[in-house]
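The chain contents come next:
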Amino acid sequence: MSRRRLLWIVMLVLPLVLGMGSRSNDSPEKIPAPMKKFRASFIDQMDVLTQCTNVSIDGETYLQGKRGEGNYTIGFDRIASVVLHLSGGKLIGVVKLRDGTSLELILNGSQKAYGFTGYGTFQIRLQDLKKMTIGGKG
């Protein structure tokens, strides 16, 4: 194999090899920074409580779900808590609003909640949560 041909192969393969590790968006140090700041407490399926600041769901400060044929979007400023459970293969979120009313939404369990704790970053899939309590802005 000629030196020139080997050089071309290396030049073509090198960018692919160097870029392999940078395709993941799950870096523990990098979490989405929401425009609005909210605090929240999360309880996971193992009953572990985690309190966070700068909370978001996939970088946004609202909960999105389906009810019947409609799609709903509810801002964190209106939500007091969400209790989550699986039913018939669907993730159901019972959303309690600050005005005392509540409604059930079918949520996307693969979405992630993010936040900062006193000791680092936090991320968890919605399907791994039991409860999320929004504490307000802060």
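Before reading on, note that the structure itself is shown above.
The structure presented is a predicted model; accordingly, all values stated were derived computationally and were not measured.

Describing the pairing of strand E7 (residues 102-107)
At step 1: Along E7, the buried face is formed by Leu103, Leu105 and Leu107; none of Ser102, Glu104 and Ile106, which line the opposite face, is buried.
At step 2: Pairing analysis gives 6 bridges linking strand E6 (residues 90-97) to E7, with the strands arranged antiparallel. Residue pairing across strands places Leu91 opposite Leu107, the latter belonging to E7.
At step 3: Where E6 folds back onto E7 in an antiparallel hairpin, the turn is made up of 4 residues, including Gly100, whose phi is positive at roughly 95°.

Let's talk about the environment of Thr53
At step 1: Here Thr53 shows up in strand E2 (residues 49-57).
At step 2: Along the backbone, Thr53 and Ala40 are 13 residues apart, and their C-alpha atoms lie at a distance of 6.5 Å.
At step 3: If we skip the residues at most four places from it in the chain, Thr53 touches Phe38, Arg39, Gly115 and Phe116.

Comments concerning the packing of aromatic side chains
At step 1: Scanning all chains against the criterion turns up 2 aromatic pairs.
At step 2: Taken together, a centroid distance of 5.6 Å and an interplanar angle of 85° make the contact between Phe38 and Phe76 edge-to-face. Of this pair, Phe38 sits in strand E1 (residues 38-44) while Phe76 sits in the loop between strand E4 (70-75) and strand E5 (79-87); the two residues are 38 residues apart in sequence, bridging distant segments of the chain.
At step 3: Take Phe76: its relative accessible area is 0%, and that puts it in the buried class.

Considerations on the side chain of Lys112
At step 1: Tracing the backbone shows Lys112 in strand E8 (residues 112-117).
At step 2: Exposure remark for Lys112: the relative accessible area of 17% places this residue in the buried category.
At step 3: Engagement of the side chain of Lys112 in a polar contact is seen with the side chain of Gln123, the distance being 3.2 Å.

Cut-off values and rules
- Residues numbered from 1 in each chain as written.
- Predicted model: local features only at pLDDT ≥ 70, side-chain atom pairs only at ≥ 80, totals over all residues.
- Heavy atoms only, no water.
- Buried < 20%, exposed > 50% of the residue type's maximum accessible area, 1.4 Å probe, protein only.
- Helix = DSSP H or I, 4+ residues; strand = E, 2+ residues; numbered from the N terminus.
- Pairing = 2+ DSSP bridges.
- Contact = heavy atoms within 4.5 Å.
- Phe/Tyr/Trp six-rings, centres within 6.5 Å; stacked < 30°, edge-to-face > 60°.
- Polar contact = N/O pair within 3.5 Å; in protein donor to acceptor, adjacent residues only side chain to side chain.

Interpretation note: all reported values are geometric properties and have no functional meaning in isolation.
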